[in-house]
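Results of the structural survey
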Amino acid sequence: MRSLLGVALNFIIQHINKNKEDNSLLIMSPICTHLGCAAGNAEVSMKENEGVEFYCPCHGGKYDEQGINVGGPPPRSLDVFESFIEDKNVCIAILSPMVREKRKK
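First, a word on scope: everything that follows refers to the structure included in this document. Treat the numbers as computed from the prediction; the structure is a model and nothing was measured.

1. A closer look at the pattern of salt bridges
Applying the stated criterion across every chain, the model contains four salt bridges. Where Lys62 meets Glu50, a salt bridge forms, and the shortest distance between an N and an O atom there is 2.7 Å. Of the two residues, Lys62 sits in strand β5 (residues 61–63) while Glu50 sits in helix α2 (residues 44–50), which places them 12 residues apart along the sequence. Taking relative accessible area as the criterion, Glu50 reaches 44% and is therefore assigned partly exposed.

Here it is in structure tokens:
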């Protein structure tokens, strides 16, 4: 039986990328900023045709590979988690997501 923590960490791993601005580690929350549903990987057709990397099927929230909201009702980009090195391990502060800016119109 898989633990709830293991399932959550596997889901978060899908939301890790490199920040285009400064090449730092970008760890995005899988929680849609609209109503708190889970935003998972988008279907291949959405990735290829719309540039959508993460999709929330509950209300149609769409995010690009950097977690920037590009469609649907979400009011802002996916929140991000701070990461730090401790004893040669990468640690992720998953209990303290940081809010990013609102989407540009």
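2. Comments concerning the environment of Tyr55
Relative to the helices and strands, Tyr55 is located in strand β4 (residues 54–56). Sequence separation between Tyr55 and Glu43 is 12 residues; the distance between their C-alpha atoms is 8.1 Å.

3. Concerning the nonpolar core
Counting 10 residues, the largest nonpolar core consists of Leu26, Met28, Cys32, Cys37, Ala39, Phe54, Cys56, Tyr63, Leu78 and Val80. Leaving out residues up to four positions away in the same chain, Met28 has contacts with His15, Ile16, Asn17, Phe54, Glu65, Gln66, Gly67, Leu78, Asp79, Val80, Phe81 and Arg100.

4. Looking at the sheet that holds strand β2 (residues 25–28)
The three strands are arranged β1-β2-β7 in an open sheet whose pairing can be described as antiparallel. Each of the sheet's edge strands pairs with one partner strand only, and the pair in question is β1 (16–18) and β7 (80–81). Note: β1 against β2, three bridges, orientation antiparallel. Along β2, the bridge assignment pairs Ile16 with Ile27.

5. Remarks on the state of the cysteines
Under the definition given, this model contains zero disulfides. You can see Cys56 has no disulfide; the closest cysteine sulfur is in Cys32, sitting 4.0 Å from it.

What counts as what
- Residues numbered from 1 in each chain as written.
- Predicted model: local features only at pLDDT ≥ 70, side-chain atom pairs only at ≥ 80, totals over all residues.
- Heavy atoms only, no water.
- Salt bridge = Lys/Arg side-chain N within 4 Å of Asp/Glu carboxyl O.
- Helix = DSSP H or I, 4+ residues; strand = E, 2+ residues; numbered from the N terminus.
- Buried < 20%, exposed > 50% of the residue type's maximum accessible area, 1.4 Å probe, protein only.
- Core = buried A, V, L, I, M, F, W, Y, C linked by side-chain atoms within 4.5 Å.
- Contact = heavy atoms within 4.5 Å.
- Pairing = 2+ DSSP bridges.
- Disulfide = S-S within 2.5 Å.

Honestly, it's all geometry; don't read function into it.
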